[in-house]
Protein chains: 2
Amino acid sequence: MDLRVQKGASMIVLDETSATSLYMQIYGQVKGQILSGRIKEGSRLPSIRSLSVSLGVSKNTVKVAYHQLCSEGYLVNRARRGFFSQRIDQELFLNLNEKNAGKAAEARPLGEGTRSSKQVIRYDFQYGNLNPRDFPMGIWRKIANQVLSPINSRSMASYPERQGECGLRTEIMKYLHMSRGVSCRANQIIVCSGTRFSLGLICQMLKEEFGGVAMEEPGYDGARDVFVNCGLEVAPVGHWEEGLDLGELTQSKARLLYLTPSHQFPTGSVMSIRKRLELLDWAERNAAIIIEDDYDSELRYGGRPIPSIQSIDGRGRVIYLGTFSKSLSPALRLSYMVLPHPLLERFYEKFRKYVTGAPWLEQKILTSFMADGHWERHLRKVCLANRKRHDVLIRSVERVMAGRVRLHGKNAGLHVLLEFKDGSFEGERLRQAGAQGVRVYPAAHYWIHRERYPGNMVLMGFGSLAEKEIEEGVCLLGDAWFGR
Amino acid sequence: MDLRVQKGASMIVLDETSATSLYMQIYGQVKGQILSGRIKEGSRLPSIRSLSVSLGVSKNTVKVAYHQLCSEGYLVNRARRGFFSQRIDQELFLNLNEKNAGKAAEARPLGEGTRSSKQVIRYDFQYGNLNPRDFPMGIWRKIANQVLSPINSRSMASYPERQGECGLRTEIMKYLHMSRGVSCRANQIIVCSGTRFSLGLICQMLKEEFGGVAMEEPGYDGARDVFVNCGLEVAPVGHWEEGLDLGELTQSKARLLYLTPSHQFPTGSVMSIRKRLELLDWAERNAAIIIEDDYDSELRYGGRPIPSIQSIDGRGRVIYLGTFSKSLSPALRLSYMVLPHPLLERFYEKFRKYVTGAPWLEQKILTSFMADGHWERHLRKVCLANRKRHDVLIRSVERVMAGRVRLHGKNAGLHVLLEFKDGSFEGERLRQAGAQGVRVYPAAHYWIHRERYPGNMVLMGFGSLAEKEIEEGVCLLGDAWFGR
């Protein structure tokens, strides 16, 4: 290892031989020290110039790291005075003591929106948590009561089936076949406790052969985190309304591709059937594997859904991922993957003795819920409820911000991406919203190459709010941003 | 990559540049092809000689792989005729359609014991599943009923707290402090869905810095699987009654060490306090990390427990692992790890947006169970019940097999290791037991260097049986082995 060390108020150690870029190392270590309290609140950090000298890196490397930390709210840049660390409540960060208000949400920002603790947020357009009214508590409780009976003592005293309960896998198989055209047998389904864990197993299984993975840019940062943590090289491939750039994909030399084709995250675009076929052809020619993450496929508000890539793949080139987090409950921690036959063998070999992380009780309740027809009814209900929320959001934005913004990713899922036509900077827009008591979310971290991000977008989730709240929140945003 | 390929009835591809040894590659690929059905039931495999020629490896390499496959029941060696693949019911292997009898158990063997489907097993000394009578179903149901109330709708519609519910972590903290002397704050505890998943996160966190890991030989194969799957080099370090061999440890150059000091798996020895202090000293001198897996620390049947290594570590060198699988239920999929302060920062950085795989409901029920005093009562109850099973087992073995066997790992946990003094081979002993309707388990796979394994042991779990069954089972074993 070739280490460069900077000592002082806080110490930064750079490893030149690491796969992590120097700016990410600086970024990560400063962030870690702020979170751990080693860098005290309000401390002035070394200037860009002095840190670059003491570490022996270019000024630009330090600058990029500092700016990233600023945009995430760890640092603040005070004109002519330098960079100062911000107050980050570590306990809050870790969701300790957040009994009522603040459960950890997928898109909890550490950015501008959250910090000012005196700011009262009345309308939170977060993405991740669902509306409490949509969870079928009564039915869930009733089934739990039936399941937790003495005749099931043996099941509660035993390991669950390794890849998930057979009954649940059979229900998932039937559902996927009906709704997404996915063709598989129950033994191809692996029940996991969250998509990150599904991806973690995939990485362990494929890393040695594939080395790296390509993914959409912008793309789902949660998947990217897993790839990076598992040591895969991540190649971002450009993508916007027109779909993935095949030229860039080919150039990347990657043979593993992670996609969200049915409602691209975060842009919300839907991949055309032509592009899907092109990608399958690419996979076949390159002996590649496509990981198709169909994370919110249940929620469609218009038009016919395009069949999953898995359903048109005849060669076993697609791993299909699904989750119950968007349509039923993220508290269940239930996800699944469908492995193509050629990978099943490898899975059995690697994970022969692994037992799914999903508890028996959770699986058993869901199995009954699906088998008894509640799932189908529930889907109709949440689809309708979210379509109403979606429609109110779209209408309100059109009414209040007509001509000034563009909405991406309509007609599906639980979020939209809002783009400011005047190119205004997301940080400023988040601050303005916060000052009006409305929280919207930054989009920058969905890009790996930040310079590709135009900087003028915010993410708005609508799955947890009531229609009235959405309407009022958007009105306040209109005031905040365009000062009617 | 330097690949050696053998074509024929089935194809084996060896990768000389892989970290996996050649014999493990042959073993893994043949096993995979048998499980997937690519190698048909009853096929004759290439002879040792011809396969070694076609792959360009030594005969010994093929021989070790074949013998391993024989001892696990994938192949059978027919005198003067060669090696034949055995019938492996893939569905059975995957625990499909095993509704009643056969839930996946930790120690389900694929070895001699299971295959002959006509054999009726009346006494199964499996290790992993618990006795259904010990699970507190009534209380669990009552708490579930309270928890699944409309006032908790928000929790069921939201992500759980990232590192586990604060309430549960606080209960675990209090329990660990009282019972194991573990000193930590709730924010150092990460709730996971099984020890393999805890270890998976640890590997992702430490792989880059540490590269490899040392572990006890023999040792827990489940942990070894995770290390190998995550790409860590595993260095086996000799260990028997007298404890870990510090010379071998130093020689291994490893700076990460995985241990089961309080009831070594599978030998059951207890690491002395002197050895614990020596290891901490080793860790301090080498800037090393010790992963202390205290998997069955709740179950002690004699003598004072020795304090955990974590409790005597003042320098943040120990990661402490625990699970509810042995003392409460493996169906819950609940484990936890306690990170030392120096690693917390790294954990936050790597897993900032990860959400625990443990569902909210499971966590919430367990929190109430612990907070209301049920946990303490439950522990007393299961400790007593298992002590009785343990005592019956020990007494029966002493009565029936006096002088012919040696028992390792008494006075704790849910298993013992039985050693045949006459050096008889485990495979033969498993077969004889099976013929009498008794299943005991192979021990070979706990060794990485199989040549170190004397070959004369079997593993016996007693946690799921009734006392009467244990007594009768041991009597039958006496008949089977020593033909009274």
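Not measured: the values here are computed from a predicted model. (Residues numbered from 1 in each chain as written. Chains lettered and ligands numbered in written order. Predicted model: local features only at pLDDT ≥ 70, side-chain atom pairs only at ≥ 80, totals over all residues. Heavy atoms only, no water.)

Caption draft 1: Representation of the sheet that holds strand 18 (residues 457-461) of chain B. Strand order in the open sheet formed by 4 strands is 14-15-18-17 (chain B), and the pairing between neighbours is antiparallel. The outermost strands of the open sheet, each flanked by one partner alone, are strand 14 (405-408) and strand 17 (441-442) of chain B. (Pairing = 2+ DSSP bridges. Helix = DSSP H or I, 4+ residues; strand = E, 2+ residues; numbered from the N terminus.)

Caption draft 2: Just the interface of chain B and chain A, in detail. Contact residues are listed per partner, giving 96 residues for chain B and 97 residues for chain A. Three residues stand out in chain B for area buried against chain A, namely Tyr159, Arg352 and Lys353 of chain B, and they jointly supply 10% of the buried area on that side. Taken together, the connections running from chain B to chain A amount to 2 salt bridges. The tally of links from chain B across to chain A stands at 28 residue pairs in polar contact (both at pLDDT 80 or more). (Contact = heavy atoms within 4.5 Å. Buried area = accessible area lost by both parts, 1.4 Å probe. Salt bridge = Lys/Arg side-chain N within 4 Å of Asp/Glu carboxyl O. Polar contact = N/O pair within 3.5 Å; in protein donor to acceptor, adjacent residues only side chain to side chain.)

Caption draft 3: Expanded view of the relation of the copies chain B and chain A. For these two chains of identical sequence, chain B goes onto chain A by a turn of 180 degrees and a shift of 0.1 Å along the axis, with RMSD 0.2 Å. On the angle and the small slide along the axis, the relation comes out as a two-fold axis. Comparing interface residues between copies, 99% of those in chain B also lie at the interface in chain A; the contact surface is shared. (Least-squares fit on C-alpha atoms with pLDDT ≥ 70 in both.)

Caption draft 4: Region of interest: unusual backbone geometry. All names here are of chain A. The amide bond that connects Glu217 to the next residue, Pro218, takes the cis arrangement and shows omega of 0 degrees. If you trace the backbone, Pro218 turns up in the loop between strand 7 (212-217) and helix 10 (221-229). Of note, Ala287 is a non-glycine position whose phi angle comes to about 50 degrees, a positive value. Examined against the element boundaries, Ala287 turns out to sit in the loop between helix 12 (273-286) and strand 11 (289-293). Unlike most non-glycine residues, Asn411 shows phi in positive territory, near 70 degrees. Structurally, Asn411 is set in the loop between strand 14 (405-408) and strand 15 (415-420). You can call Asn411 partly exposed: its relative accessible area is 40%. (Buried < 20%, exposed > 50% of the residue type's maximum accessible area, 1.4 Å probe, protein only.)

Caption draft 5: Here's a closer look at the pattern of salt bridges. As enumerated under the stated definition, the model contains 40 salt bridges over all chains in all. For the salt bridge of Arg406 of chain B with Glu419 of chain B, the shortest nitrogen-to-oxygen distance reads 3.3 Å. Of this pair, Arg406 of chain B sits in strand 14 while Glu419 of chain B sits in strand 15 (residues 415-420), and the two are 13 residues apart along the sequence. Looking at Glu419 of chain B, the relative accessible area reads 12%, which means it is buried. Overlapping salt bridges bring together Glu209, Arg255 and Arg346 of chain A as one network.

Caption draft 6: Region of interest: the pairing of strand 13 (residues 335-338) of chain B. All names here are of chain B. With burial as the criterion, each face of strand 13 is covered, one bearing Ser335 and Met337 and the other bearing Tyr336 and Val338. Where strand 6 (residues 189-192) meets strand 13, 4 bridges bridge the pair, whose relative direction is antiparallel. For Ile190, the partnering residue across the bridge sits in strand 13 and is Met337. Both strand 12 (residues 318-323) and strand 13 contribute to a ladder of 4 bridges, which runs antiparallel. Paired with Gly322 across the two strands is Tyr336, which belongs to strand 13.

Caption draft 7: The arrangement of the environment of Val458 of chain A in detail. With respect to the helices and strands, the residue Val458 of chain A is situated in strand 18 (residues 457-461). Setting aside residues no more than four positions away along its own chain, Val458 of chain A makes contact with Val416, Leu417, Leu418, Phe420, Glu426, Leu430, Val440, Tyr441 and Trp481 of chain A.

Caption draft 8: Representation of helix 9 (residues 195-210) of chain B in the model. Residue and element names in this part refer to chain B. By the largest-angle criterion, Gln204 marks the main kink of helix 9, which is about 35 degrees. For helix 9, the tally of buried residues reaches 13 of 16 residues, placing the bulk of the element in the interior. Note on helix 9: the residue one or two positions beyond its end, Gly211, has a positive phi of about 75 degrees. (Bend = angle between axes of the 7 residues up to and from the residue.)

Caption draft 9: Structural context of the environment of Arg406 of chain A. Residue and element names in this part refer to chain A. For Arg406, a relative accessible area of 39% corresponds to the partly exposed category. For the pair formed by Arg406 and Arg346, sequence separation is 60 residues and the distance between their alpha carbons is 45 Å. Among all residues touching Arg406, those that are not within four sequence positions of it are Leu417, Leu418, Glu419 and Lys421.

Caption draft 10: Summary view of the sheet that holds strand 17 (residues 441-442) of chain A. Residues and elements named next belong to chain A. Across the sheet, which stays open at both edges, the 4 strands sit in the order 14-15-18-17 with antiparallel pairing between neighbours. With partners counted over all chains shown, the strands left at the sheet margins are strand 14 and strand 17, one partner each. Pairing geometry for strand 15 and strand 18, over 5 bridges, is antiparallel. Looking across to strand 18, one finds that Leu417 is bridged to Leu459.

Caption draft 11: Up close: the environment of Gly322 of chain A. Residue and element names in this part refer to chain A. Within the secondary structure, Gly322 sits in strand 12 (residues 318-323). For Gly322, a relative accessible area of 1% puts it in the buried group. Distance from Gly322 to Ser198, taken between C-alpha atoms, is 9.5 Å for residues 124 residues apart in sequence. Excluding anything up to four places from it in sequence, Gly322 contacts Thr195, Ser335 and Tyr336.

Caption draft 12: Main features of the packing of aromatic side chains. Going through the model one piece at a time under the given rule, you end up with 35 aromatic pairs over all chains. Both rings, one in Tyr175 of chain A and one in Trp375 of chain A, keep their centres 5.3 Å apart while their planes meet at 80 degrees; by these two values the pair is edge-to-face. Here Tyr175 of chain A is found in helix 8 (residues 166-180), whereas its partner Trp375 of chain A is found in helix 15 (residues 374-401), with 200 residues between them in sequence. For Tyr175 of chain A, a relative accessible area of 11% puts it in the buried group. Note on Trp375 of chain A: relative accessible area 4%, which makes it buried. Relative to Phe482 of chain B, the ring of Trp481 of chain B lies with its centre 6.4 Å away and its plane at 75 degrees, an arrangement referred to as edge-to-face. In terms of burial, Trp481 of chain B and Phe482 of chain B fall into one category: buried. Taking the ring centre of Phe84 of chain A as reference, the NZ or CZ of Arg78 of chain A above it sits at 4.7 Å. (Phe/Tyr/Trp six-rings, centres within 6.5 Å; stacked < 30°, edge-to-face > 60°. Lys NZ or Arg CZ within 6 Å of the ring centre and 35° of its normal.)

Caption draft 13: Highlighting the confidence of the model for chain A. Residue and element names in this part refer to chain A. Confidence along chain A averages 87 in pLDDT terms, with 89% of residues attaining 70 or more. Long-range and interchain partners of residues 90-117, a stretch whose pLDDT sits below 50, account for 88 contacts in this model, where long-range means more than four residues apart. Taken over the whole predicted complex, pTM reads 0.79, whereas the ipTM for its chain interfaces reads 0.79. (pLDDT = per-residue confidence, 0-100.)

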